[in-house]
Amino acid sequence: MLKIVCADCKKDLGEKAGGEGVTHGLCPECYLIRRKEIEEMKIQDRAMEENYENYLRRNDMTGMKVKK
Ligand SMILES: [Zn+2]
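Description of the sheet that holds strand E3 (residues 21-25)
Moving on, step 1. Strand order in the open sheet made by the three strands is E2-E1-E3, with mixed pairing throughout. The open sheet has two edge strands, strand E2 (12-16) and E3, and neither has a second partner. Sheet twist, expressed as the average angle between the axes of neighbouring strands with direction ignored, equals 30°.
Moving on, step 2. Looking at chain direction, strand E1 (residues 2-6) and E2 are connected through four bridges and run antiparallel. Residue pairing in the sheet places Val5 in a bridge with Asp12 of E2.

What counts, and where the lines are drawn
- Residues numbered from 1 in each chain as written.
- Predicted model: local features only at pLDDT ≥ 70, side-chain atom pairs only at ≥ 80, totals over all residues.
- Heavy atoms only, no water.
- Pairing = 2+ DSSP bridges.
- Helix = DSSP H or I, 4+ residues; strand = E, 2+ residues; numbered from the N terminus.
- Axes fitted to C-alpha atoms, helices over the stretch in contact; angles between N-to-C directions.

Following this line, the structure appears as structure tokens:
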């Protein structure tokens, strides 16, 4: 039997036929926590992208000022 253990909280999630040893999954609670973290990471990524675009825009403006 293959034992399924939550990768985060190590909770026993049951057993699966067709193998030996331990495999990792996510229990519903940890899945929700992970999903929230992933969504927050995506929001941070978007904020970083916007900051980078602003940074590039500022640099363009500075570059134009230097050229003139
Ligand atoms: Zn868990």
